[in-house]
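# Analysis of the macromolecular model
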Amino acid sequence: SAPHVSTSMDWIKHLSSFGDSTMLLPLSLLLTAMLWRSESARAAICLLTAVAVCGSVMVALKIAFLACGETWGVGILTPSGHASMSSMVYGAFAVVVSRKLGWRTRVGVGLLCGLLVACIAVSRVVLGVHSVDEVIVGLSVGLGALSIFALLYFRLQPGTQINPTILLLASVALIAILHGVSVPFEEAAYDLALRARASLSMCAIR
């Protein structure tokens, strides 16, 4: 049974890697470039703004919970960056691709995106990296940032539709190139939070 458990965990780790910022940040830049080229600079800026908001809020929350989580008694140490960024970036792909599609296809794209994000979120809990509460906080931030993007994006006049096939092929190629590459963005945010905690003397854990 041990090899079976090991194989299962390998699959879960592989699934979890789809929520790694090493993959998601380049994917967000790819979508930004295609928005700029096919639709408008404003659409691209909307996406960059939402991604920046998502990342900034997550770093701020990591600092706050590391400094004050024990004092607040919430049981949260470090909200899940995988959950937040995957819901933001994959959600943005779903929003852009489905904008001009029929409602049934739009619902299907949304469900597929939601399933992927949910699997990534669950994988973080199964791997013991985050608690359920930490994943929920991450998802809340990501969905909030996605809502900002969607609200701004749908206010713009629709431009030329991004070719879904080209976007899919470019995304798959980028994922293949980045597979196995790991830049510790979340670990860096955690280290930054630890350093910043020292300046928050009111809540610092002693």
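These remarks concern the structure in this document. (Residues numbered from 1 in each chain as written. Predicted model: local features only at pLDDT ≥ 70, side-chain atom pairs only at ≥ 80, totals over all residues. Heavy atoms only, no water.)

## Considerations on the overall build of the protein chain
What counts is decided by this rule: Numbering goes from the N terminus for both helices and strands, where a helix is a DSSP run of H or I of at least four residues and a strand is a run of E of at least two. Burial classification: accessible surface area is computed with a 1.4 Å probe over protein chains only, and a residue below 20% of its type maximum counts as buried, one above 50% as exposed, and the rest as partly exposed. The contact criterion used throughout is that any non-hydrogen atoms of two residues lie within 4.5 Å. Here, Shrake-Rupley sampling with a 1.4 Å probe gives the accessible areas, and only protein chains in the shown set may cover a residue.
The secondary structure content of the protein chain amounts to eight helices and zero strands. Listing each helix as α and each strand as β along the protein chain from the N terminus yields α-α-α-α-α-α-α-α. Considering the protein chain as a whole, with its 206 residues, one finds that 40% of them fall into the buried category. Nonlocal contacts in the protein chain, meaning residues at least 24 apart in sequence, comprise 80% of its contacts between residues at least 6 apart. For the protein chain, the accessible area works out to roughly 11000 Å², and carbon and sulfur atoms hold 69% of it.

## Quick word on the layout of surface pockets
Unfilled space is identified by rolling a water-sized probe across the atoms. This is how the line gets drawn: Cavity and pocket criteria rest on a 1 Å grid covering protein atoms alone: a 1.4 Å probe that fits but cannot get out defines a cavity, protein on both sides within 12 Å along at least 5 of 7 lines defines an open pocket, and an atom within 4 Å of a point defines a lining residue. Grid points are joined across faces, edges and corners, and a volume is the space filled by probe spheres set on the points.
Volume-wise, the largest pocket comes out at about 520 Å³. What lines the largest pocket is a set of 16 residues, among which Tyr90, Phe93, Val97, Leu116 and Leu168 lie closest to the centre. Within the residue set of the lining of the largest pocket, elements represented by two or more residues are helix 4 (81-98), helix 5 (103-126) and helix 7 (164-178). A per-element tally of the lining of the largest pocket places helix 7 first, with six residues.

## Details of helix 7
This is how it is decided: In a helix, the anticipated span is given by 1.5 Å times the number of residues less one. Directions from the helix axis toward the C-beta atoms define the arc.
Under the 1.5 Å per step criterion, the end-to-end length of helix 7 is 21 Å for 15 residues, consistent within 8% with the ideal 21 Å. For helix 7, the full list of buried residues reads Leu167, Ser171, Leu174 and Leu178. Buried positions in helix 7, seen along its axis, are confined to an arc of 65 degrees and lie on one side of it. Of the exposed residues in helix 7, the ones pointing more than 90 degrees away from its buried face are Leu168, Leu169, Ala176 and Ile177.

## Focus on the packing of aromatic side chains
What counts is decided by this rule: What counts as a ring pair is set by centres within 6.5 Å for rings of Phe, Tyr and Trp (its six-membered ring), and what kind of pair is set by the plane angle: stacked under 30 degrees, edge-to-face over 60, tilted for all other angles. A ring is scored as having a charge over it whenever the NZ atom of a lysine or the CZ atom of an arginine sits within 6 Å of its centre and within 35 degrees of its normal.
A complete count under the given rule lists two aromatic pairs for this structure. Between Phe149 and Tyr153, the aromatic rings sit 5.2 Å apart at their centres with planes inclined by 20 degrees, giving stacked as the arrangement. With Phe149 and Tyr153 both in helix 6 (residues 132-155) and four residues apart, this pair spans about one turn of that helix. Each of the two residues, Phe149 as well as Tyr153, counts as buried. Relative to Phe154, the ring of Tyr153 has its centre 5.7 Å away and its plane inclined at 55 degrees; by these criteria the two rings are tilted. Overall, the relative accessible area of 0% leaves Tyr153 in the buried class. Residue placement shows Arg99 over the ring face of Tyr153; its charged tip is 4.4 Å from the ring centre.

## Quick word on the nonpolar core
Stated formally: Put simply, buried Ala, Val, Leu, Ile, Met, Phe, Trp, Tyr and Cys residues joined by side-chain atoms within 4.5 Å make one nonpolar core.
Of all hydrophobic cores here, the largest spans 37 residues; its most connected members are Leu27, Leu31, Leu35, Leu47, Met88, Tyr90 and Phe149. Of all the secondary-structure elements, those providing two or more residues to this core are helix 2 (21-38), helix 3 (41-72), helix 4, helix 5, helix 6 and helix 7. Residue contributions to this core peak at nine residues, all from helix 4.

## Notes on the environment of Val141
Locating Val141 in the fold gives a position in helix 6. We classify Val141 as buried; its relative accessible area is 14%. Ignoring any residue separated from it by four or fewer positions in sequence, one finds Val141 in contact with Cys54, Val57, Met58, Leu61 and Ser84.

## Quick notes on the pattern of salt bridges
Worth spelling out the cut-off: Salt-bridge detection follows one rule: a side-chain nitrogen of Lys or Arg within 4 Å of a carboxyl oxygen of Asp or Glu.
Here the structure, examined in full by the defined rule, presents one salt bridge. The partner of Glu39 in a salt bridge is Arg99, with the nearest N and O atoms 3.9 Å apart. Here Glu39, found in the loop between helix 2 and helix 3, pairs with Arg99, found in the loop between helix 4 and helix 5; they are 60 residues apart in sequence, far enough to count as distant. Each member of the pair Glu39 and Arg99 is classed as buried.

## Remarks on helix 5
Counted at 1.5 Å a residue, the expected span for helix 5 with its 24 residues is 34 Å, and the 34 Å between its end C-alpha atoms agrees. Immediately downstream of helix 5, the backbone of Gly128 shows phi near 75 degrees, a positive value.

## What to know about the packing of helix 4 against helix 5
Between two packed helices, what matters for the description is the angle formed by their axes and the separation of those axes. Put simply, the test is: To get an axis, fit a line to the C-alpha atoms, keeping to the stretch in contact for a helix; angles then go from 0 to 180 degrees between the N-to-C directions. When an angle is under 35 degrees it counts as roughly parallel; over 145 it counts as roughly antiparallel; between 65 and 115 it counts as roughly perpendicular; any other value is oblique.
At a closest axis distance of 9 Å, the pairing of helix 4 and helix 5 adopts a crossing angle of 170 degrees. In this view, helix 4 runs roughly antiparallel relative to helix 5, as classed from their interaxial angle. Along the contact surface, helix 4 presents His82, Ser86, Ser87, Tyr90, Gly91, Ala94 and Ser98, while helix 5 presents Arg106, Val109, Cys113, Leu116, Val117, Ile120 and Arg124.

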